[in-house]
Amino acid sequence: MTDAPSTLDVLMDIRPHADGYEAQTTPTPHGGIFGAFLLFQQVLIAERAVPGKRVITIQTVFANSGASGQPCQVSIDTLQNGRSFAFLTLTFRQGDLIVTRAEIMLTVDEADYVHHRNTPPAPAGAREWPEGSMGLWPGAVDRWPGSSLDELALRFSLAEQPDASVSRALVALATEPAVMASLTGFMTLKAASPGRMAGNVLTQTITLLEPADLVAGVIVGSTARYAGQGRVHGDGRVLSVDGNLLGTFATTGVLREPR
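Residues numbered from 1 in each chain as written. Predicted model: local features only at pLDDT ≥ 70, side-chain atom pairs only at ≥ 80, totals over all residues. Heavy atoms only, no water.

Digging into the side chain of Q41
Relative to the elements of secondary structure, Q41 occurs in helix α2 (residues 35–49). Given the relative accessible area of 1%, Q41 is considered buried. Apart from the residues lying within four places of it in its own chain, the contact partners of Q41 are L11, I14, A23, Q24 and F92. (Helix = DSSP H or I, 4+ residues; strand = E, 2+ residues; numbered from the N terminus. Buried < 20%, exposed > 50% of the residue type's maximum accessible area, 1.4 Å probe, protein only. Contact = heavy atoms within 4.5 Å.)

Shown next, in the form of structure tokens:
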């Protein structure tokens with residue numbers, strides 16, 4: 001009897017199909033596809049489609065929840081593919097239903113022409129935080145003890161460093177739940193109805209600036225800037241444990257009273 005494939009194995013099951021790829025999805029308790037998992041696959045698919053370049057920005061709309069456990073067909077429109085940059089549109093479908101669409105820019109890294117970093121300091125004691133876990137991440141997730149509604153900091157780490165493309169995909173995955181977690185973790189909210197999520201991300205914008213050492217860990221810091229009228233908005237940054245800026249992100253979602 002063979003072991004069941006891990007979540008990461010399922011998400012990395014991406015095969016050529018028609019004018020793009022077919023990507024497998026994992027079953028979820030609420031029946032929809034986790035947006036974090038779609039971000040992970042968007043990075044892998046974009047970098048397969050344009051060899052020699054790596055993802056630098058992702059602008060994603062999660063239009064429909066889709067059916068988890070069922071594959072998505074992914075079509076690719078190439079807007080431009082030159083020496084230094086490429087611009088792609090990735091559309092994930094299940095039959096006639098568009099699940100998500102992403103505008104992705106890829107780049108070729110070059111030597112610094114100017115060198116500037118405007119980076120907030122990493123939270124104190126980043127290497128000694130209490131151990132924890134999160135179902136969406138395939139390793140340890142530790143929360144800074146000083147976390148609050150206005151400054152949630154989580155350290156994501158792995159036992160082994162994956163290849164560069166998977167590493168970028170995992171950083172993108174880690175940013176998706178961060179802003180929503182600021183609210184659900186530090187505000188008293190009514191429990192969601194059975195089989196439903198308390199809130200959902202609608203749009204996610206990510207910029208991946210530097211490589212991430214996932215064995216040492218990365219810190220995903222987020223701030224919930226606004227919640228009201230059934231919506232939530234916030235932003236954040238991805239830092240190394242030494243405080244170097246690796247990426248930024250912004251999230252807009254829905255968070256309303258359960259039925």
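Having seen the model, we can carry on.
A closer look at the pairing of strand β8 (residues 152–157)
Looking down a regular strand, the side chains alternate between one sheet face and the other. Across the 6 residues that make up β8, a large majority, 6, are buried. On β8, burial covers both faces: L152, L154 and F156 on one face and A153, R155 and S157 on the other are all buried. In this sheet, β8 lies alongside strand β7 (residues 140–143) in antiparallel orientation, the contact comprising 4 bridges. Among the inter-strand pairings, R143 is bridged to a residue of β8, identified as L154. Where β8 meets strand β10 (residues 218–228), 5 bridges bridge the pair, whose relative direction is antiparallel. Looking at β10, one finds that R155 is bridged to I219. (Pairing = 2+ DSSP bridges.)

Considerations on helix α4 (residues 178–186)
Where α4 is concerned, the buried positions are A178, V179, M180, S182 and L183. Looking at the packing, one finds that the buried side of α4 touches β8, α3 (164–175), β9 (200–208), β10, β11 (231–240) and β12 (245–254).

What about the layout of surface pockets?
Empty space within the second largest pocket amounts to approximately 530 Å³. Lining the second largest pocket we find 21 residues, and of these R54, D109, D112, L209 and E210 sit closest to its centre. Of the residues that constitute the lining of the second largest pocket, the class distribution is 10 nonpolar, 4 polar and 7 charged. (1 Å grid on protein atoms, 1.4 Å probe; cavity = no way out; pocket = protein on both sides within 12 Å on 5 of 7 lines; lining within 4 Å. Points joined across faces, edges and corners; volume = space filled by probe spheres on them. Nonpolar A, V, L, I, M, F, W, Y, C, P; charged D, E, K, R; others polar.)

Regarding the packing of α2 against α3
For the pair α2 and α3, the least separation of the axes is 8 Å and the interaxial angle reads 150°. The orientation of α2 with respect to α3, classified from their angle, is roughly antiparallel. For the pair α2 and α3, the crossing hand works out as right-handed. The segment α2 lies against α3, with A36, F37, L39, F40, V43, L44 and E47 engaging S165, V166, R168, A169, L170, A172 and L173. Partitioning the contact of α2 with α3 into residue classes produces 11 nonpolar, 1 polar and 2 charged. (Axes fitted to C-alpha atoms, helices over the stretch in contact; angles between N-to-C directions. Parallel < 35°, antiparallel > 145°, perpendicular 65-115°, else oblique. Left-handed = near helix turned anticlockwise from the far one by under 90°.)

Let's talk about the environment of R231
With respect to the secondary-structure elements, R231 resides in strand β11. Along the backbone, R231 and N64 are 167 residues apart, and their C-alpha atoms lie at a distance of 17 Å. Ignoring sequence-local partners within four residues, the contact set of R231 consists of Y226, G253, V254, L255 and R256.

A short note on a nonpolar patch on the surface
Where nonpolar side chains cluster on the molecular surface, the patch consists of L79, F85 and F87 and spans about 290 Å² of accessible area. Mapped onto the fold, L79 is located in strand β4 (residues 72–81). Judged by its relative accessible area of 57%, L79 is exposed. (Patch = residues over 30% accessible without salt bridge, like charges linked within 9 Å, V, L, I, M, F, W, Y side chains within 5 Å. Areas by Shrake-Rupley, 256 points an atom, 1.4 Å probe, with all protein chains shown as cover. Salt bridge = Lys/Arg side-chain N within 4 Å of Asp/Glu carboxyl O.)

A few points about the packing of aromatic side chains
Per the counting criterion, the structure on display carries 2 aromatic pairs. Summarising the aromatic geometry, the rings of F34 and F37 are spaced 5.4 Å apart at their centres and angled 90° between planes, so their arrangement reads as edge-to-face. For the pair F34 and F37, a shared accessibility class is recorded, and that class is buried. The interplanar angle of 70° and the centroid separation of 5.0 Å between the aromatic rings of W137 and F156 together place this pair among those described as edge-to-face. Placement of W137 in the loop between β6 (97–107) and β7 and of F156 in strand β8 is noted, with a sequence separation of 19 residues between them. (Phe/Tyr/Trp six-rings, centres within 6.5 Å; stacked < 30°, edge-to-face > 60°.)

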